Amino acid sequence: ERPLMELLNVSKTFTVRSGGKRLTLSAVDGVSLRVREGKTLGIVGESGCGKSTLARVITGLHSATSGEMIFDRAQIPASGKRPKEVIQQMQMVFQDPSSALNPRATVGESIAFPLRVQGMSRKDVDARVTKVISDVGLPASYSGSYPHQLSGGQRQRVNIARALALQPRMVVLDEAVSALDKSIQAQVLNLLTDLQRDYNLTYVFISHDLNVVEYISDEVVVLYLGQVVEHAPAKELWENPQHPYTKLLLSSIPSMDPDDSTRDQPLDKDSSEIPSAINPPSGCRFRTRCPMAMDICAQQAPPPIETSDGHLVACHLYTEGSQAAA
Ligand code: SF4
Ligand code: MG
C-alpha cells in the first residue's frame with residue numbers, strides 16, 4: 001500500500017518562559033515517517049514524548065516549525081494554511097468524550113454542525129447524520145439525545161461519527177479509548193477496525209497503552225523526547241524490539257491479568273527520570289537512561305538504520321562498524 005501521508009524531517013518547537021528567560025522546547029524533532037493508506041500507524045511513548053504535538057502537527061492543528069509533509073502525493077504546507085480539502089480529509093478524535101461535545105447540542109446537531117458549515121443542504125445533512133449514527137452502532141433515536149444522557153463509550157461513538165461525517169481519508173486518534181473501561185475499549189476498538197475496512201480509513205493511533213496499540217496497529221513508531229527511535233511492523237516490534245528504549249517500554253507493559261495489582265500502572269511511572277525536551281541530552285537523547293550507553297552516544301546522534309525490511313532503529317548499537325553491534 002502506498003503511503004497516504006509522509007513526514008520528512010518535521011520539527012515543532014515552542015517558546016516557553018521560565019524565570020524571565022525564553023527557552024525553546026523542541027517537542028517534535030526531525031520526525032520522518034510514512035502512514036500507509038488503509039492501515040494503522042501506532043505511535044507510542046511516555047507522556048511528554050511529543051505524541052500529542054505530533055498528532056496536532058499531522059492534522060494541521062499546529063503548524064510545523066520546519067520539515068516537509070506530503071499528503072496523497074502532493075506537498076502540503078508544513079506551516080501556514082492548508083487547502084480546505086486537505087483539512088477535511090484528516091479528522092481527529094480526542095480522549096475526553098464529554099468535553100469534545102457541546103453539552104447543549106443534541107448528538108444530531110453536533111454531528112450536523114460541521115456539515116452545515118460546509119454548506120451542505122439540509123436533506124443531505126440529515127441523510128449523512130442518520131447514516132453515521134447507524135455506522136457507529138447507535139440507535140437512530142440517539143440523534144435527539146444530549147451528551148449527558150450517554151455513557152462514555154456512547155459519547156466516544158458520537159465523536160467518531162462526527163469525524164466520519166466529513167468523509168475523511170485519515171483519522172488521527174489521540175488516546176481515543178484511554179478514558180474508557182477495558183470492556184468498552186474492546187468494543188470501540190472493534191468498531192474502529194470495522195470502520196477502517198468499510199471506509200478504507202487510514203489511522204494514526206496514539207496511545208500510552210501498549211496493549212491497545214499492539215492490538216490495532218499495522219506498524220508502530222516509538223517516540224522518545226520528540227524523536228523516532230524505532231519504526232517497525234507491529235508484530236516485528238513486539239517479537240524483535242531493537243532499541244534499548246523500546247525494550248524498556250515493552251518490559252514495563254502491565255499484565256492483562258485482572259488479578260494483577262500492577263496492571264493499571266501507567267507506563268510513565270518513572271517520568272521523574274525523563275530529561276526535558278527543553279535541554280535534551282547531547283548525542284542520543286536516551287543515553288541518560290540507557291543501560292547500553294557508550295562514549296559515542298554522548299557525541300553523536302544515532303542515524304536511523306534499516307536492520308530488516310521495514311524495521312528502522314536509531315541506535316549506535318546498530319550503526320555499521322559499531323563494536324557493540326548486536
Ligand atoms: Fe543507548 Fe547509545 Fe543506543 Fe542511545 S545510541 S540507545 S545511548 S546504545
Ligand atoms: Mg498526550
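Let me sum up the structure you'll find in this document. (Residues numbered from 1 in each chain as written. Chains lettered and ligands numbered in written order. Predicted model: local features only at pLDDT ≥ 70, side-chain atom pairs only at ≥ 80, totals over all residues.)

1. So, the nonpolar core
Reasoning step 1: Grouped together as the largest cluster of nonpolar side chains are 80 residues, with contacts concentrated most on A161, V172, V204 and V222.
Reasoning step 2: For this core, the element with the highest residue contribution is helix α6 (residues 152-165), accounting for six residues.
Reasoning step 3: Once residues within four sequence positions are removed from consideration, V204 is found in contact with V35, L41, I43, A55, I58 and V172. (Core = buried A, V, L, I, M, F, W, Y, C linked by C-beta atoms within 7 Å. Buried ≥ 20, exposed ≤ 12 C-beta atoms within 10 Å, placed from the backbone. Helix = DSSP H or I, 4+ residues; strand = E, 2+ residues; numbered from the N terminus. Contact = placed C-beta atoms within 7 Å.)

2. Some remarks on the sheet that holds strand β3 (residues 40-44)
Two modes of strand pairing occur in sheets, parallel and antiparallel, and in both the strands are linked by backbone hydrogen bonds.
Reasoning step 1: Taken together, the eight strands give an open sheet; going across it, the order is β6-β7-β8-β3-β9-β10-β12-β11, and neighbouring strands pair in mixed fashion. Looking at strand neighbours, the two that pair on one side only are β6 (90-93) and β11 (304-308), the edges of this open sheet. Across the sheet, the axes of successive neighbouring strands diverge by a mean angle of 20°, strand direction being ignored.
Reasoning step 2: Looking at chain direction, β3 and strand β8 (residues 202-206) are connected through four bridges and run parallel. Across the sheet, T40 pairs through a bridge with Y203, a residue of β8. (Pairing = 2+ DSSP bridges. Axes fitted to C-alpha atoms, helices over the stretch in contact; angles between N-to-C directions.)

3. Quick look at the environment of V16
Reasoning step 1: Locating V16 in the fold gives a position in strand β1 (residues 3-18).
Reasoning step 2: It is 25 Å that separates the C-alpha atoms of V16 and S207, two residues lying 191 residues apart in sequence.
Reasoning step 3: Leaving out residues up to four positions away in the same chain, V16 has contacts with L23, L25 and I278.

4. Brief notes about the site of ligand 1
Reasoning step 1: Neighbouring ligand 1 are 14 residues, the closest being C284, R287, C290, C297 and C315.
Reasoning step 2: When its residues are assigned to classes, the shell around ligand 1 shows eleven nonpolar, two polar and one charged. (Near = placed C-beta within 6 Å. Nonpolar A, V, L, I, M, F, W, Y, C, P; charged D, E, K, R; others polar.)

5. Here we look at the packing of helix α4 (residues 107-117) against α6
The description of two helices packed together rests on the angle between their axes and the distance between the axes.
Reasoning step 1: Two elements in contact, α4 and α6, have axes whose closest approach is 9 Å; the angle formed by their N-to-C orientations is 25°. Here α4 is positioned roughly parallel relative to α6, judged by the angle of their axes. Our pair here, α4 against α6, has a crossing hand that is right-handed. Contacts from V107, S110, I111, P114 and L115 of α4 reach α6 at V158, A161, R162 and A165.
Reasoning step 2: Across the contact of α4 with α6, the residue classes tally to seven nonpolar, one polar and one charged. (Parallel < 35°, antiparallel > 145°, perpendicular 65-115°, else oblique. Left-handed = near helix turned anticlockwise from the far one by under 90°.)

6. Topic: unusual backbone geometry
Reasoning step 1: Positive phi outside glycine occurs at N9, with the angle close to 55°.
Reasoning step 2: In this structure, N9 sits in strand β1.
Reasoning step 3: On the basis of neighbour count, N9 is assigned to the partly exposed category, with 13 C-beta atoms found within 10 Å.
Reasoning step 4: Positive phi, close to 50°, is recorded for D72, a residue that is not glycine.
Reasoning step 5: Looking at the element boundaries, D72 is found in the loop between β4 (66-71) and β5 (74-76).
Reasoning step 6: Given 15 C-beta atoms within a 10 Å radius, D72 is considered partly exposed.

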